[in-house]
Structure formats: C-alpha cells, structure tokens
Amino acid sequence: MKSKALRELYEKGIRVLGESESRKVLEEYGIPCPKTVVIGYEEGKKAEEYLKELKSSSEWPGYPLFLKIVSPDIIHKSDAGVVKRVVSDDEALMAIETIIRNAKKYKAHVSINGILASQDVSSPETRELLIGAVYNEHFGHLISLGIGGVLTEVYKDVEFRAIPITESDVYNMVSRLKGRAMLGPFRGMRPISMNVLVDVVLKFSKMIEKNPEIREIDINPFIIGPERGFAVDARMRIE
C-alpha cells in the first residue's frame, strides 16, 4: 500500500519531512510513535497561550514530556537547544520561552512552524537506536541499523542491508554492532525486545519497498526497552 500521507505532502510540494510529517507516514505502517501534539507558531504569542492550547488538545501526552521547536531550518534539535524535557506547567512555560529564543539565536530569520509536545517514552531500561534508509544508485535502497541518539556520529556503529530484508538479517545486523553488548543484559537492565525490533525494522523495510520515492530517512532515536519501542524523532527526504 502506498502512503496516503506521502502523496498528500508531495502534492503540496513538500520534499523534506520533519518529525511531525514523518510521524504520519510511519504510523501508516504500524511503526509506533510517542503520543504527540503540535500547534502552530505565531510571532509575539505568549508561552501561557501556547501551553493552554497544547493542553486543550485531546492528544496532550501529559508529563513528563519533551517540548520541541518545529522548523525546517533546524535538523539537530539538541545542538540548537530547541528541545527540553519538562515535568510541570512551570517548567513548560520556561521551556517554551527558551526554545523559541534559542531557535532565533541558532539562525537568522529562522522559519518556525510550530511547538511540539511529545510523550517521554524513555525509562531506566531503554536504549537508543538508529533505523534508517538511503537510496544508492548501485544497490537500490539500503536499510541501516545502529547505535543511535547523540552518540551516532561519535561511534558510527551502523550496519547496512539491501531491501527487502528478513528477520535473520535484523539479527545479523545487531550481532555485528560493536555496541551490541548494551542491547543485552547490561548494568542491571533487561535485554531489549528483539521481537519488537524485528517487527519494526521489517515494517520499516516494507514501507521503503512500497514508497521508493523515499530517498533518505532517519529514525533517531528509536527508543527501545524490554517490552516496547518508539520512533521518537524522524526526518525524511522524498523525490
């Protein structure tokens, strides 16, 4: 099945998808994402107004949560200081002011589309992975799986396989990661659920097969624990 969300975005002339747009596509293919609400940005609008609007949504995830700036000009949100974890209204109000201010400092004339509130799905037992895909003119689409989060560019611990991939491919990719030990029993943590990981990666592979216009996509981090996993942040490029 082709993605309805992708088709609609393509018809609007959108070729680079941020977190909120990518989430719509991922959810079409059964890839779990945290509960999220997004509201539009308005210059001069007060933090209290943003928070009231966010909390009035039926999709409000409740605390703890992450507040983020939605902007096509900001790829690495942590580096730009436009993502904050909050546990109360007071913290949320301060965070909204801070992330808007930091976005404007990050780039002159930055384009801010909105404020996003996302459920915090992390726990003491969760780990961060990277799941991605890129189109190669010689091999077609390649699926990537590796250690994710802010350490992705430091360790560069990633494995690649051409689509379509199988359950055994996923196990083999994990077995070849240098950081694979942290995915098993580690420092008192239970191992991650390989059943969840395999299910998500196979759904992800199927999504790429059905939508070859996706030329590049990164889910980073994909947060996974002993029982469940979530695509927390994602970006996508289509042609």
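Each value, and the rule that gives it
- Residues numbered from 1 in each chain as written.
- Predicted model: local features only at pLDDT ≥ 70, side-chain atom pairs only at ≥ 80, totals over all residues.
- Heavy atoms only, no water.
- Helix = DSSP H or I, 4+ residues; strand = E, 2+ residues; numbered from the N terminus.
- Rg over C-alpha atoms; globule rule 2.2 N^0.38 Å.
- Buried < 20%, exposed > 50% of the residue type's maximum accessible area, 1.4 Å probe, protein only.
- Contact = heavy atoms within 4.5 Å.
- Areas by Shrake-Rupley, 256 points an atom, 1.4 Å probe, with all protein chains shown as cover.
- Lys, Arg positive; Asp, Glu negative; His and termini not counted.
- Charge placed at Lys NZ, Arg CZ, Asp CG, Glu CD.
- Phe/Tyr/Trp six-rings, centres within 6.5 Å; stacked < 30°, edge-to-face > 60°.
- Lys NZ or Arg CZ within 6 Å of the ring centre and 35° of its normal.
- Pairing = 2+ DSSP bridges.
- Axes fitted to C-alpha atoms, helices over the stretch in contact; angles between N-to-C directions.
- Core = buried A, V, L, I, M, F, W, Y, C linked by side-chain atoms within 4.5 Å.
- Salt bridge = Lys/Arg side-chain N within 4 Å of Asp/Glu carboxyl O.

Turning next to the overall build of the protein. Counting its regular elements, the protein contains eight helices and eleven strands. Its C-alpha radius of gyration of 18 Å places the protein within 12% of the 18 Å reference for a compact globule of 239 residues. Considering only C-alpha atoms, the protein reaches an extent of 50 × 45 × 35 Å along its principal axes. Per-residue burial for the protein yields a buried fraction of 49% across its 239 residues. Once local pairs closer than 6 in sequence are excluded, the contacts in the protein between residues at least 24 apart make up 62%. Total accessible area computed for the protein in this model is approximately 12300 Å², and 51% of it derives from carbon and sulfur atoms. Taken together, the 35 basic and 35 acidic charged side chains of the protein have centroids lying 1 Å from each other.

If you walk through the whole model with that rule in mind, you get two aromatic pairs. Where Trp60 meets Tyr63, the ring centres are 5.4 Å apart and the plane angle is 85 degrees; that geometry is what we call edge-to-face. When the ring centre of Tyr135 is taken as reference, the NZ or CZ atom of Arg215 above it lies at 4.1 Å.

Of all ten residues in helix H2 (residues 19-28), seven are buried; the element is thus mostly enclosed. Trailing H2 by a residue or two, Gly30 shows a phi angle of about 75 degrees, which is positive.

As a further point, take the sheet that holds strand E5 (residues 114-119). Strand pairing in a sheet relies on backbone hydrogen bonds. The paired strands run either parallel or antiparallel. If you walk across this open sheet you meet the four strands as E2-E5-E3-E4, and the pairing is antiparallel. Only two strands of the sheet have a single partner each, and these edge strands are strand E2 (36-40) and strand E4 (83-86). On average, each strand axis in the sheet is inclined to that of its neighbour by 20 degrees, with strand direction left out of account. Note: strand E3 (residues 65-70) against E5, six bridges, orientation antiparallel. The partner of Leu67 across the bridge, within E5, is Ala117.

Here we come to the nonpolar core. Core analysis: the biggest nonpolar cluster contains 40 residues, and Leu26, Ile131, Leu197, Phe204, Met207, Ile217 and Phe222 have the highest contact counts within it. Among residues more than four places away in sequence, those in contact with Leu26 are Ile31, Cys33, Met207, Ile217, Ile219, Ala231 and Ala234.

This part takes up the side chain of Ser20. Its place among the elements puts Ser20 in helix H2. Using a relative accessible area of 17% as the deciding quantity, one classes Ser20 as buried. Contact partners of Ser20, with chain neighbours within four places excluded, come to Val38, Val70 and Leu116.

Here we take up the pattern of salt bridges. Per the stated rule, a full pass over the model turns up 20 salt bridges. Here Lys45 and Glu53 are joined by a salt bridge, their closest N and O atoms 2.6 Å apart. Assessed through its relative accessible area of 16%, Lys45 is described here as buried. By relative accessible area, which is 33% here, Glu53 ends up partly exposed. Linking Glu216 and Arg237 is a salt bridge whose minimum nitrogen-to-oxygen distance equals 3.5 Å. Residue Glu216 is found in strand E9 (residues 214-224), and its partner Arg237 is found in strand E11 (residues 234-238); the two are separated by 21 residues along the sequence. By relative accessible area, which is 32% here, Glu216 ends up partly exposed. Arg237 gets classed as partly exposed once you look at its relative accessible area, which sits at 31%. One network of salt bridges, in which partners are shared, links Glu19, Arg23, Lys68, Lys77 and Asp233.

All quantities given are derived from atomic positions and should not be read as evidence of function.
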